Amino acid sequence: MDHPKKQLGKIFPVGVGICLLLLPLLVYSALSAPPEKQPSTIAASKMTFDYNGAALFDSYNRISQAYLNAASPQRTLAEYYSRRQYLGAPPIIPHKMVDENGAALTCLACHEKGGFAPEFQRHTPLTPHPEKSECRQCHVPQADVPLFVENLWLSVPPPKLGRAYLPGAPPPMAHGLQMRENCIACHVGPAAVEGIRTTHASRGNCRQCHVPDQFPGVFERPTK
């Protein structure tokens, strides 16, 4: 009867030999296996966009380079607010509504993709909601007539811009998002107001960094 140590000495070389014989097969299988298909980063991004991010990219891509590269007299915040009765109100129409032949002007012809307006010697602002084509349901011409009834109407003051919570942090949005979900329309191009024109328009999903300023007070956690 063999001693246990002698039996182990016989089994060990046999095991080593089997491993050496299988090693080339394992290496060949590993090298010949097809690589695991990785999901496309761009495709995944489009599927996981929120806050209208994909639409923002599409809007930016539709704007012509001629418009983006154009220069025109700067629109100011004072002019921007003068077109509105109150913060968030639809701006009035500051120009005539018919052409020289008396034909009605089509709003989206100029405000959907932008263009130069000789009357004002500047570029036309883009609409943030071109899918809503009945523009005059909300936008009306400016009426230079006496008030029908005297009143004490006072508008609310415009919001202060900036207001980042940390030095270098993205500033919060100073307005709501209803009808203004498309940031590109107001913050990009020569028709954008100088004080709110973005320096990084190609980063289309703005709400990855900028959020509505919904909590102006200091957050305090309950202690009980």
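Refer to the structure presented above.
Residues numbered from 1 in each chain as written. Predicted model: local features only at pLDDT ≥ 70, side-chain atom pairs only at ≥ 80, totals over all residues. Heavy atoms only, no water.

## Points about the overall build of the protein chain
Phase 1 of the analysis: For the protein chain, the helix and strand inventory stands at 7 helices and 2 strands.
Phase 2 of the analysis: Overall, the protein chain shows an N-to-C arrangement of helices and strands of α-α-α-α-α-α-β-β-α.
Phase 3 of the analysis: Within the protein chain, buried positions represent 20% of all 224 residues.
Phase 4 of the analysis: For the protein chain, restricting intrachain contacts to residue pairs at least 6 apart in sequence, the fraction spanning at least 24 positions comes to 65%. (Helix = DSSP H or I, 4+ residues; strand = E, 2+ residues; numbered from the N terminus. Buried < 20%, exposed > 50% of the residue type's maximum accessible area, 1.4 Å probe, protein only. Contact = heavy atoms within 4.5 Å.)

## Thoughts on the pattern of salt bridges
Phase 1 of the analysis: Using the criterion set out here, one finds 4 salt bridges in the structure.
Phase 2 of the analysis: For the salt bridge of Arg 83 with Glu 79, the shortest nitrogen-to-oxygen distance reads 3.2 Å.
Phase 3 of the analysis: With relative accessibility at 21%, the residue Arg 83 sits in the partly exposed group.
Phase 4 of the analysis: Lys 132 is the partner of Glu 131 in a salt bridge, and the nearest nitrogen-oxygen pair spans 3.1 Å.
Phase 5 of the analysis: Residue Glu 131 is classed as exposed on the basis of its relative accessible area, which comes to 54%.
Phase 6 of the analysis: A single network of salt bridges, built from pairs that share partners, joins Glu 79, Arg 83 and Arg 122. (Salt bridge = Lys/Arg side-chain N within 4 Å of Asp/Glu carboxyl O.)

## With respect to the packing of aromatic side chains
Phase 1 of the analysis: Scanning all chains against the criterion turns up 2 aromatic pairs.
Phase 2 of the analysis: Ring geometry for Tyr 80 against Tyr 81: centres 5.3 Å apart, planes inclined by 80°, an arrangement best described as edge-to-face.
Phase 3 of the analysis: Given a relative accessible area of 14%, Tyr 80 falls into the buried group.
Phase 4 of the analysis: Above the ring of Tyr 80, the side-chain terminus of Arg 84 is found at 3.7 Å from the ring centroid. (Phe/Tyr/Trp six-rings, centres within 6.5 Å; stacked < 30°, edge-to-face > 60°. Lys NZ or Arg CZ within 6 Å of the ring centre and 35° of its normal.)

## Quick word on the side chain of Arg 75
Phase 1 of the analysis: Relative to the helices and strands, Arg 75 resides in the loop between α4 (65-68) and α5 (77-82).
Phase 2 of the analysis: Within the structure, the side chain of Arg 75 is placed 2.6 Å from the backbone oxygen of Ala 191, a separation counted as a polar contact.
Phase 3 of the analysis: Excluding residues within four positions of it along the chain, Arg 75 makes contact with Tyr 80, Arg 122, Pro 125, Ala 191, Ala 192, Val 193 and Glu 194. (Polar contact = N/O pair within 3.5 Å; in protein donor to acceptor, adjacent residues only side chain to side chain.)

## Structural notes on the state of the cysteines
Phase 1 of the analysis: A full pass over the atoms with the stated rule returns 0 disulfides.
Phase 2 of the analysis: Free cysteine Cys 138: the closest other cysteine sulfur is in Cys 135, separated by 8.9 Å.
Phase 3 of the analysis: Since its relative accessible area comes to 44%, Cys 138 is described here as partly exposed.
Phase 4 of the analysis: Between Cys 209, a free cysteine, and Cys 206, which holds the nearest cysteine sulfur, the sulfur-to-sulfur gap is 8.9 Å. (Disulfide = S-S within 2.5 Å.)

## Let's talk about unusual backbone geometry
Phase 1 of the analysis: The phi torsion at Gln 121 lies on the positive side, around 55°, for a residue other than glycine.
Phase 2 of the analysis: Its place among the elements puts Gln 121 in the loop between β1 (116-117) and β2 (122-123).
Phase 3 of the analysis: Accessibility expressed as a relative area gives 46% for Gln 121, which makes it partly exposed.
Phase 4 of the analysis: In this model, Met 179 sits at a positive phi of 70°, which is unusual for a non-glycine residue.
Phase 5 of the analysis: Note that Met 179 resides in the loop between β2 and α7 (183-187).

## Quick notes on the environment of Leu 56
Phase 1 of the analysis: Within the secondary structure, Leu 56 sits in helix α3 (residues 53-62).
Phase 2 of the analysis: Given a relative accessible area of 0%, Leu 56 falls into the buried group.
Phase 3 of the analysis: Distance in space between the C-alpha atoms of Leu 56 and Ile 184 is 6.5 Å, their sequence separation being 128 residues.

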